[in-house]
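# Inside the fold
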Amino acid sequence: MRSITNTNDLQMEQSIYQLSLIVTGILNIIMGLYLLLGNYRYKKYPIYYMARICTTIWVLAFGIGYQLHAIFMWRFTWPTAASALTASYFHLAGICFSWGYTSLLNPRYLTRSIKIRDISIFVFGLAAYWTVPLIWHDAPLYTLLSYCVFFGYAAYVAFVFYHTYSQVSMRLMKMSLGNVRDFVRWMQVCTDLIVLFGIGSVVITALFPNDSLPFVLLLFAGVGMFSYMVYSIENYGKVIDPATRATLDVSMQRQKRKKV
């Protein structure tokens, strides 16, 4: 009797997990498509346009990733593959964050060398993440070791962003533009949520590869975070002209100081 009860509990847990994946995945895809449909209006603002594209790719990648988890249910049958899939779209999100959001603060940030560097690290990361499931079915320690690529890249990206933010935010605030001040504030909140959710989620994935309850909570927390992120990037479009002028002015001032 106890065995039957345990089996029923496990089936119920898996059903809740699968349903949560499907629901949150669909919500993410809807948000991504919403951004995508509105992108055409901002082609004359290349930095903001790229940030919207990066955010769209990011949100859609999570939505598609959730659907793949729901279809294959690797969390219960092939934990290392589930962890590799999670790390793959989180790493892609890190690149999108770096290219899109850091560039909003420093329009001169994204150079060709940075693109090559980030893509190279991503390819190396994919090799590390997916080598583990090709060799081991369930290997938490090796999974955690492979995640060092993501953790290292995420920590560096977060450091670069916050360093840029600290240099730019006060100058933007001193311009006494109310709408730009709002942009600075929501950028701070949005980034804090992204960093906490991103690094925290991958840590939990590594520590609990076979459990579903932590992921159900993360899935719905993620929807809240993505909703705020989409809201924030959409709101930026309402102050695009003064915000673009302000960030360009600050970027030019920094460039001049470097040359002196």
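Summarised in this report is the structure supplied together with it.

Among the secondary structure elements, tyrosine 231 is positioned in helix 9 (residues 213–236). Judged by relative accessible area, which is 48%, tyrosine 231 ranks as partly exposed.

Attention now moves to the environment of threonine 86. Mapped onto the secondary structure, threonine 86 falls in helix 4 (residues 79–105). Owing to a relative accessible area of 3%, threonine 86 belongs among the buried residues under this scheme. Considered as a pair, threonine 86 and phenylalanine 62 are 24 residues apart in the sequence and their alpha carbons are 8.7 Å apart. Within polar-contact distance, the side chain of threonine 86 engages the side chain of histidine 69 at 3.2 Å.

Where a protein is soluble and globular, its nonpolar side chains tend to be buried together. Membership of the largest hydrophobic core comes to 66 residues, with the highest contact counts inside it found for Trp58, Phe62, Tyr101, Phe226 and Met229. Residue assignment for this core shows that the elements contributing at least two residues are helix 1 (2–38), helix 2 (46–72), helix 4, helix 5 (112–135), helix 7 (148–174), helix 8 (178–207), helix 9 and helix 10 (240–259). Ranked by residues supplied to this core, first place goes to helix 4 with 15 residues. Beyond its immediate stretch of four places on either side in the chain, phenylalanine 226 contacts Asn28, Met31, Trp58, Val59, Phe62, Tyr66 and Phe197.

The next point concerns a nonpolar patch on the surface. Among the surface-exposed residues, Leu19, Ile22, Val23, Ile26, Leu27, Ile30 and Phe220 lie close enough to one another that they form a single nonpolar patch of about 590 Å² accessible area. It is helix 1 that provides the largest number of residues to the nonpolar patch, a total of 6 residues. Along the polypeptide, valine 23 turns up in helix 1.

This brings us to the side chain of threonine 56. As for its placement among the helices and strands, threonine 56 is situated in helix 2. With sequence-adjacent residues up to four places away left out, threonine 56 is seen in contact with Gly32, Leu35, Leu36 and Asn39.

Here aspartate 192 is to be found in helix 8. You can call aspartate 192 partly exposed: its relative accessible area is 29%. Taking the C-alpha atoms as reference points, aspartate 192 and alanine 158, separated by 34 residues in sequence, lie 9.4 Å from one another.

This part is about the packing of aromatic side chains. For the structure shown, the criterion picks out 24 aromatic pairs. Summarising the aromatic geometry, the rings of tryptophan 136 and tyrosine 142 are spaced 4.1 Å apart at their centres and angled 5° between planes, so their arrangement reads as stacked. With a relative accessible area of 33%, tryptophan 136 lands in the partly exposed category. Among the aromatic side chains, those forming a connected cluster through ring pairs are Phe62, Tyr66, Tyr89, Phe90, Tyr129, Tyr147, Phe150, Phe151 and Phe226.

Procedures and definitions
Residues numbered from 1 in each chain as written. Predicted model: local features only at pLDDT ≥ 70, side-chain atom pairs only at ≥ 80, totals over all residues. Heavy atoms only, no water. Helix = DSSP H or I, 4+ residues; strand = E, 2+ residues; numbered from the N terminus. Buried < 20%, exposed > 50% of the residue type's maximum accessible area, 1.4 Å probe, protein only. Polar contact = N/O pair within 3.5 Å; in protein donor to acceptor, adjacent residues only side chain to side chain. Core = buried A, V, L, I, M, F, W, Y, C linked by side-chain atoms within 4.5 Å. Contact = heavy atoms within 4.5 Å. Patch = residues over 30% accessible without salt bridge, like charges linked within 9 Å, V, L, I, M, F, W, Y side chains within 5 Å. Areas by Shrake-Rupley, 256 points an atom, 1.4 Å probe, with all protein chains shown as cover. Salt bridge = Lys/Arg side-chain N within 4 Å of Asp/Glu carboxyl O. Phe/Tyr/Trp six-rings, centres within 6.5 Å; stacked < 30°, edge-to-face > 60°.

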